[in-house]
Amino acid sequence: MARLPFQNTIRRLRFDADEMTQAELGARVGVTRQTIAAIEQGKYSPTLETAFRIAHVFGQDLEKVFIWTDSSQGQKTKPG
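Rules and cut-offs
- Residues numbered from 1 in each chain as written.
- Predicted model: local features only at pLDDT ≥ 70, side-chain atom pairs only at ≥ 80, totals over all residues.
- Heavy atoms only, no water.
- Helix = DSSP H or I, 4+ residues; strand = E, 2+ residues; numbered from the N terminus.
- Polar contact = N/O pair within 3.5 Å; in protein donor to acceptor, adjacent residues only side chain to side chain.
- Contact = heavy atoms within 4.5 Å.
- Axes fitted to C-alpha atoms, helices over the stretch in contact; angles between N-to-C directions.
- Parallel < 35°, antiparallel > 145°, perpendicular 65-115°, else oblique.
- Left-handed = near helix turned anticlockwise from the far one by under 90°.
- Nonpolar A, V, L, I, M, F, W, Y, C, P; charged D, E, K, R; others polar.
- 1 Å grid on protein atoms, 1.4 Å probe; cavity = no way out; pocket = protein on both sides within 12 Å on 5 of 7 lines; lining within 4 Å.
- Points joined across faces, edges and corners; volume = space filled by probe spheres on them.

(A) Inspection of the side chain of Asn8 at higher detail. Within the fold, Asn8 resides in strand S1 (residues 6-8). Looking at Asn8, its side chain comes within polar contact range of the main-chain nitrogen of Ile10, at 3.1 Å. When residues no more than four places from it in sequence are discounted, the contact partners of Asn8 are Ile39, Glu40, Val65 and Phe66.

Okay, structure coming up:
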């Protein structure tokens, strides 16, 4: 399975938000707990709408939740 070209900070954000569960986040975003788990683990790429919804729940910019990485180099890169 190919690695996704981005990382995310969802687990840390959940912890910082009074240890919000995956189920609670899923309910607020409109997806299942399993979907949140798969996104956190980098096994599933969320839709753009779902990514924005997750960022909105935490009051963060999208780039603070999902960090683009250069999959060929394995290094973080700046957008644009």
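Now that the structure has been shown, we can carry on.
(B) Quick peek at the packing of helix H2 (residues 22-29) against helix H4 (residues 48-58). The interhelical angle for the contact between H2 and H4, taken along N-to-C directions, is 115 degrees, at an axis separation of 9 Å. As summarised for this structure, H2 and H4 are arranged roughly perpendicular, according to the angle between their axes. When you trace H2 past H4, the crossing you get is right-handed. From H2, Leu25, Arg28 and Val29 reach across to H4, where they touch Thr50, Arg53, Ile54, Val57 and Phe58. A per-class count over the contact of H2 with H4 returns five nonpolar, one polar and two charged.

(C) Highlighting the layout of surface pockets. Its volume calculated, the largest pocket comes out at about 200 Å³. Counting residues per element, the ones that place at least two in the lining of the largest pocket are H4, helix H5 (62-65) and strand S2 (66-70). Classifying every residue of the lining of the largest pocket gives eight nonpolar, two polar and one charged.

(D) Broad picture of the packing of H2 against helix H3 (residues 33-40). Across the interface, H2 lies against H3 with an axial gap of 8 Å and an inter-helix angle of 105 degrees. Considering the angle they form, H2 stands roughly perpendicular to H3. Where H2 abuts H3, its residues Gln22, Ala23, Leu25 and Gly26 lie against Arg33, Ile36, Ala37 and Glu40.

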